[in-house]
Structure formats: C-alpha cells, structure tokens
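# Results of the structural survey
Chain by chain, the residues:
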Amino acid sequence: MDVREITNEIIKSGDLIKSGELLQRFVDECSNEKNKLKCIDLLYKQLGEFALPDYAMDFENKYYACEGANAIIKYLYFGLPRRKNSKESLQAIKEYADTIVARFYKPTSEQLITKNRIGEIIGYLDKEFNFCNKVFPKRKPIFAILDYANTHFNAESLMTFENEGADIYSIHVFLYRTKQDTDSPYKTFPEYVFAHELGHMLQTVKENQKPGTASQILTFIHKNLGLVKLDDMPPEDELEFLADTFSTGMLHQSPFAKYDPFKIIPNNYRDIYKKMITDITNSL
Ligand SMILES: [Zn+2]
C-alpha cells in the first residue's frame, strides 16, 4: 500500500487498534516520500473531512455524543499531534500510533457508558447548574464513547487553547470501558468516570478565568473539612482530588448518586461540594 491507500484505510477501518497499526505504516511509508508534508497534510485533511461535518452541523444539542466508528474518527482527528515540520510531525504521529497500539485492547466485559446515559447526566447538570452554558459557552464538547479498554485510563480529556493565555477553545472527552481499581474496595462506574472528567473541565475553565482558584478550594477543604494534607500532595494529585470533589458534588442528590464510589464521605461534605459547584458555575 502506498501512503494514499494507507490514509484511506485508516479512515475506513472502523477499528482503533487497526487504525493505530496503519498509522505506524503511514509513518514508515511517508518517511520514504519526497514530499512528506503533502502526505501529512492529506492525512489531516481527509480525517477532518470525515470527523468534522456532522459535529459542526449538529445544532440540536449543547454537546455532541458519538460512538462506534464515528467516535474512532473523532479520536484520531482531534488526538493526532501536529508539529512545525515534517520530521517532528512524523515523530509525533509515530508516538501517537505506538500509544494507541500499546494501550488499547479489544472490548471486554467491563462497562461502557451509553449516549443515553450521557444525555441523562448532562440533562440533570443543565437543570441543576446550567452546566453546558457555563462550562462550554463557546464551542460544544464532543463526548466520544470508544468500545475499548485502555491500560492506563478509563477516560481522557483534551482541551485546546486558541493561543497561549486565551480562553479554552475546545474541550473533548474520550470515554473507554471502565476498569476496576484492584486496590480499591469500591466499584468504579462509567457514570462516575464521566462526572470526574466534567469535574476536570469545570476546574480548568474556572482556573483559566481566575488563576489560583484550585489552590483556594484545596485550602478551604483542608481548613474546614481537614480532608487533604496539602504539603504531601503533588500538583497532579491535587487536580485529581478536585475532580473527585466536583464529581461527588455533581452526583450528590442526583438520580445517579448511587454511582458515587466514595461511600466514606459524609453527606454534609457532599452538600458543601454541591454548593461549590453552584457557586463556581454561577461565577462563570
Ligand atoms: Zn482525572
């Protein structure tokens, strides 16, 4: 297969792991081409032609949810890294393809969220917090459901900025089958994983608007609830803690409360977390 044929196969495959392997072949073949940039441009252009129109033309919802082959195309288009020159681009595409092949594995019995359930959760959050209008005011997010499990994550979010220091340009979430944490006595549900990713978004949007908010919230929780030991916590754990805090607040008193895995948290803490979300969304 030449580069053009490989590009077509990547788009047609409907299988993320196969597309990852084809991307590896794309890099090999493209490295031998005289005009590498032209081949790379074609890959992005073709992926865009398949990934963008239905998303751009969906005027019905405040978000765009997809699954199956459509979710795979969105994952490839939005995830594919792009660099300044062809050498750097090919290196980045290779790393991206290697990561797909190494981390994703075929559907298992583990649970996967559905488009319906996403609709129900967002519907509740909109009613309760006006969530979409506040957190995604400019561009609707894509929630792509991928029927694979991933060795590292149950979900990944992608946030892009128009340029440095600018408002968040777009936010997309890729949801995988939900693995169970073997160290935890509690079951992890896809509904919680989704709420956790929304928690990251809420935090990022607020932090972007008012830097320092995250550490302010952590200090508040530390002082008033004594839950976090701030000195011991690495920054990346702080963000995970905050996303969990927000997801707990979102699920509290909702039809999805049973999916909150943190049974140990007293309900009056949940009241505080929910109030925090109300205050943050009101302030956006
Ligand atoms: Zn997280």
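Residues numbered from 1 in each chain as written. Predicted model: local features only at pLDDT ≥ 70, side-chain atom pairs only at ≥ 80, totals over all residues.

When helices and strands are counted, the chain shows 12 helices and 6 strands. In the chain, which comprises 284 residues, the share counted as buried stands at 34%. Look at the contacts in the chain between residues 6 or more apart in sequence, and 72% of them connect residues 24 or more apart. (Helix = DSSP H or I, 4+ residues; strand = E, 2+ residues; numbered from the N terminus. Buried ≥ 20, exposed ≤ 12 C-beta atoms within 10 Å, placed from the backbone. Contact = placed C-beta atoms within 7 Å.)

Remark: helix 10 (residues 213-225) packs on helix 11 (residues 235-251), axes separated minimally by 11 Å, with the N-to-C direction vectors making an angle of 70°. Classified by the angle between their axes, helix 10 and helix 11 sit roughly perpendicular to one another. Contacts between helix 10 and helix 11 pair A214, I217, L218 and I221 from the former with E238, L239, L242 and T245 from the latter. (Axes fitted to C-alpha atoms, helices over the stretch in contact; angles between N-to-C directions. Parallel < 35°, antiparallel > 145°, perpendicular 65-115°, else oblique.)

The two faces of a sheet get side chains in turn, since along a regular strand they alternate between them. Here strand 3 (residues 142-145) shows two buried faces, one formed by I142 and A144 and the other by F143 and I145. Sheet analysis places strand 1 (residues 64-67) next to strand 3, joined by 4 bridges and oriented parallel. Residue pairing for strand 3: C66 is matched across the bridge by A144. (Pairing = 2+ DSSP bridges.)

This part covers the nonpolar core. F26, Y75, A144, L146, L175, F194 and L202 are the most contacted members of the largest nonpolar core, which totals 69 residues. No other element matches helix 9 (residues 190-209), which puts 8 residues into this core. Residue-level mapping places this core at the junction of two domains, with at least three residues from each of domain 1 (3-105) and domain 2 (115-283). Discounting chain neighbours no more than four positions away, the residues touching Y75 are L16, A144, L146 and F174. (Core = buried A, V, L, I, M, F, W, Y, C linked by C-beta atoms within 7 Å. Domains from an automatic or database assignment.)

Relative to the elements of secondary structure, E60 occurs in the loop between helix 4 (53-56) and strand 1. Classification of E60 as exposed rests on a count of 6 C-beta atoms within 10 Å. Each C-alpha atom, one on E60 and one on I6, is 35 Å from the other, the two residues being 54 residues apart in sequence.

In this section: the environment of Y273. Mapped onto the secondary structure, Y273 falls in helix 12 (residues 267-283). Separated by 31 residues in sequence, Y273 and L242 place their C-alpha atoms 10.0 Å apart. Once residues within four sequence positions are removed from consideration, Y273 is found in contact with T245, F246, T248, G249 and H252.

Among all positions of helix 1 (residues 3-12), only V3, I6, T7, I10 and I11 are buried. Relative to the axis of helix 1, the buried residues are bounded by an arc of 135° and lie together on one face. G14, located one to two residues past helix 1, shows a positive phi value of around 70°. (Arc of directions from axis to C-beta.)

This part is about helix 9. With 20 residues, helix 9 ought to run about 28 Å at 1.5 Å a step, and its terminal C-alpha atoms sit 29 Å apart, in line with that. Across the 20 residues of helix 9, 16 count as buried, placing the element largely inside the fold. (Expected span 1.5 Å × (residues − 1).)

Glancing now at the domain arrangement of the chain. Taken domain by domain, the chain comprises domain 1 (3-105) and domain 2 (115-283). A separation of 28 Å is found between the C-alpha centroids of domain 1 and domain 2. With 17 residues of domain 1 at the interface, the matching set in domain 2 holds 20 residues. At the level of elements, strand 1, helix 5 (68-79) and strand 2 (104-105) are the ones that each hand at least two residues to the side of domain 1 that touches domain 2. Examining the composition of the side of domain 1 that touches domain 2, we find that 6 residues originate from one element, helix 5, more than from any other. Taken together, the residues that form the side of domain 1 that touches domain 2 break down as 12 nonpolar, 1 polar and 4 charged. (Nonpolar A, V, L, I, M, F, W, Y, C, P; charged D, E, K, R; others polar.)

The geometry of helix 7 (residues 115-129) relative to helix 9 is characterised by a closest axis approach of 11 Å and an angle of 50° between their N-to-C directions. The orientation of helix 7 with respect to helix 9, classified from their angle, is oblique. As for how helix 7 packs across helix 9, the hand of that crossing is right-handed. Residue-level inspection shows R117, I118 and I121 of helix 7 in contact with helix 9, the latter providing E191, F194 and A195. In the contact of helix 7 with helix 9, the residues fall into 4 nonpolar, no polar and 2 charged. (Left-handed = near helix turned anticlockwise from the far one by under 90°.)

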